[in-house]
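# Descriptive analysis of the structure
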Amino acid sequence: MFRNFKLVPNIIFGRGCFAQLDEIIEPRRENSNAWAVFVVDEVFKGKDLEGRIPLHDKDMLLWVNVDDEPKTAYVDRLTLEVKDHADALPCAVIGIGGGSSMDLAKSISLMLTNEGSSTLYQGWDLIQNPAVYHAAVPTLSGTGAEVSRTAVLTGPEKKLGLNSDYTVFDQVVLDPELTADVPKEQHFYTGMDCYIHCIESLQGTYLNEFSKAYGEKSLDLCRQVFLDQHPDSADKLMMASFFGGMSIAYSQVGACHALSYGLSFVLGTHHGVGCCITFDVLEEYYPEGVKEFRTMMDKCGVDIPRGLTKDLSQGDIETMITVALGLDPLWENCLGKDWKSVMTRDKARSLFLRM
Ligand code: NAD
Ligand code: ZN
């Protein structure tokens, strides 16, 4: 069976295009009571961007905290706050921030129209009703969350996304200027998330010409950004992120993402840095990619935390292994159908112990 997947229908790209956001949302405001909610990373409180958000009188500005990656309980609380703002539902939900804020915006737009807790919808195609119109304004490039059909959430039992066609944004506003103030380390970690998406997709057994076309271009852009340190690197990384997301949409990620989910489930390690920590021990599986990743790390003058697992209990390590090895498609993409004979619990343990 071939997957018939949904794409973001409207995309605007270019330095300064954020100024058109009001005009883009305008057609959603069908009557004088219509209101929009802006879901904004609180890192922008008091910053220039706050003053540029095109808020109308009845609109809601919902600041979100992303110190922890999005949790189902947080999504449920934010959804209630939005519902309490007015009698009717908002006409638009606009997420402004990195992958975490974009995933929160996606989740809120879905939970406004689907009953119960977001934990009920962690999985594939469990969402019953279309979301409220939702748009993304990424301020950090790499995750591909702006293009994907998932909103990654950590619940009481699992870290699993709300995967559905309804999750896909209706509009994406790609303004590279908005990424100007991302701290150096964060820029590298989230950028490497994109680089790793490409390596895992391009070296995977699920590869096809669709994924290859997007993955090769994204990888080329990542190299221009992190090896050549090109002056237009913000523009390039924004497109690399988008193309990287398109590449994995029709293939899959691999060993690095599988292991990093185990790491972050137990330690709460954020996605970008977690992928870097994991990728650094995978030279056996991605020899060229890991070598290039280390060169990029040197060039950018960034390092990764080490020794994360040395004081962990045996129980925690076993949980990490169980979470990581539960992601069958990722392993099959990386190692083929016979992956279980290669990636044994012992092998996974030895990799975790090097992190
Ligand atoms: P993030 O959104 O968690 O943000 C990381 C840090 O950067 C935060 O402190 C944030 O406040 C700050 N930040 C963001 N933009 C900034 C700016 N312009 N200036 C200064 N600081 C800024 O980071 P991320 O790596 O973009 O996203 C990670 C999240 O995305 C994880 O929750 C992960 O699970 C999720 N994710 C989702 C998908 C998807 O397809 N939905 C794919 C990959 C990852
Ligand atoms: Zn990723």
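All figures in this text were calculated on a predicted structure; none of them were measured in a lab. (Residues numbered from 1 in each chain as written. Chains lettered and ligands numbered in written order. Predicted model: local features only at pLDDT ≥ 70, side-chain atom pairs only at ≥ 80, totals over all residues. Heavy atoms only, no water.)

## Considering the overall build of the protein chain
Of regular secondary structure, the protein chain possesses 14 helices and 9 strands. Relative to the 2.2 N^0.38 estimate, which gives 20 Å for 355 residues, the radius of gyration of the protein chain is 20 Å and therefore close to what a compact globule would have. By its C-alpha atoms, the protein chain is 60 × 45 × 45 Å across when sized along the principal axes. Residues counted as buried form 55% of the 355 residues belonging to the protein chain. (Helix = DSSP H or I, 4+ residues; strand = E, 2+ residues; numbered from the N terminus. Rg over C-alpha atoms; globule rule 2.2 N^0.38 Å. Buried < 20%, exposed > 50% of the residue type's maximum accessible area, 1.4 Å probe, protein only.)

## Some remarks on the pattern of salt bridges
Tallied over the entire structure, the rule returns 21 salt bridges. Residue Lys217 pairs with Asp220 through a salt bridge whose shortest N-O separation is 3.3 Å. Pair noted here: Lys217 and Asp220 are both in helix 6 (residues 209-226), with a separation of 3 residues, about one helical turn. One salt bridge connects Arg306 with Asp303, and the closest N-O pair in it is separated by 2.9 Å. Overall, Arg306 belongs to the exposed group, its relative accessible area being 52%. Through salt bridges that share partners, Asp280, Glu283, Arg294, Asp303, Arg306 and Arg354 make up one connected network. (Salt bridge = Lys/Arg side-chain N within 4 Å of Asp/Glu carboxyl O.)

## Notes on the layout of surface pockets
The calculated volume of the second largest pocket comes to roughly 170 Å³. Every residue along the wall of the second largest pocket is listed here: Asp68, Glu69, Lys71, Thr154, Lys159, Ser264, Phe265, Gly268, Thr269 and His270. The residue inventory of the lining of the second largest pocket, partitioned by class, reads 1 nonpolar, 5 polar and 4 charged. Both domains that furnish three or more residues to the lining of the second largest pocket are identified here as domain 1 (10-179) and domain 2 (184-353). (1 Å grid on protein atoms, 1.4 Å probe; cavity = no way out; pocket = protein on both sides within 12 Å on 5 of 7 lines; lining within 4 Å. Points joined across faces, edges and corners; volume = space filled by probe spheres on them. Nonpolar A, V, L, I, M, F, W, Y, C, P; charged D, E, K, R; others polar. Domains from an automatic or database assignment.)

## Quick word on the packing of aromatic side chains
Here the structure, examined in full by the defined rule, presents 12 aromatic pairs. A centroid spacing of 6.2 Å and a plane angle of 65° characterise the contact between Phe188 and Tyr189, whose relative ring orientation is edge-to-face. Tyr189 shares its class with Phe188; the two are buried. Each ring, one from Trp331 and one from Trp339, has its centre 6.1 Å from the other, and the planes form 20°; the classification is stacked. The exposure classification of Trp331 matches that of Trp339, with both residues buried. (Phe/Tyr/Trp six-rings, centres within 6.5 Å; stacked < 30°, edge-to-face > 60°.)

## Description of the coordination of the zinc ion (ligand 2)
Reference values for angles at a metal are 109.5 degrees in the four-donor tetrahedral case and 90 or 180 degrees in the six-donor octahedral case. Coordination of the zinc ion (ligand 2) by the protein comes from Asp193 (OD), His197 (NE2), His257 (NE2) and His271 (NE2), over a distance range of 2.1 to 2.2 Å. Bound by 4 donor atoms, the zinc ion (ligand 2) shows angles of 85 to 167° at the metal and therefore irregular coordination geometry. Sequence positions of the donors to the zinc ion (ligand 2) reduce to the motif D-x3-H-x59-H-x13-H. Of the two residues, His197 sits in helix 5 (residues 184-202) while His257 sits in helix 8 (residues 255-267), which places them 60 residues apart along the sequence. Look at His197 and you get buried, because its relative accessible area is 4%. Under the relative-accessibility criterion, His257 is labelled buried at 2%. (Donors = N, O, S within 2.8 Å, 3.2 Å for Na, K, Ca; no water. Tetrahedral: all angles 85-135°; square planar, octahedral: opposite > 155°, others 65-115°.)

## Some thoughts on the packing of helix 8 against helix 12 (residues 328-335)
Direction vectors running N to C along helix 8 and helix 12 enclose 145°, while the axes themselves pass 8 Å from each other. Residues Ala255, His257, Ala258 and Leu259 of helix 8 form the contact with helix 12, whose own contacting residues are Leu330, Trp331 and Cys334. Looking at the contact of helix 8 with helix 12 residue by residue, the classes come out as 6 nonpolar, 1 polar and no charged. (Axes fitted to C-alpha atoms, helices over the stretch in contact; angles between N-to-C directions. Contact = heavy atoms within 4.5 Å.)

## Considering the sheet that holds strand 7 (residues 152-154)
The 3 strands are arranged 5-8-7 in an open sheet whose pairing can be described as mixed. For this open sheet the edge positions go to strand 5 (123-124) and strand 7, each flanked by a neighbour on one side alone. The pairing of strand 7 with strand 8 (residues 159-163) spans 3 bridges and is classified as antiparallel. Bridge pairing in strand 8 places Leu153 opposite Leu160. (Pairing = 2+ DSSP bridges.)

## Some thoughts on the domain arrangement of the protein chain
Per the domain assignment, the segments making up the protein chain are domain 1 (10-179) and domain 2 (184-353). Contacts between the two partners involve 22 residues from domain 1 and, on the opposite side, 21 residues from domain 2. Summed over both sides, the interface of domain 1 with domain 2 buries roughly 1900 Å², with 66% coming from carbon and sulfur. On the domain 1 side of the contact with domain 2, Ser141, Val147 and Lys159 bury the most area, a combined 27% of that side's loss. At the boundary of domain 1 with domain 2, the tally comes to 1 salt bridge. A salt bridge links Arg15 to Asp235, with the shortest nitrogen-to-oxygen separation between them at 2.8 Å. For the interface between domain 1 and domain 2, the tally reads 8 residue pairs in polar contact (both at pLDDT 80 or more). (Buried area = accessible area lost by both parts, 1.4 Å probe. Polar contact = N/O pair within 3.5 Å; in protein donor to acceptor, adjacent residues only side chain to side chain.)

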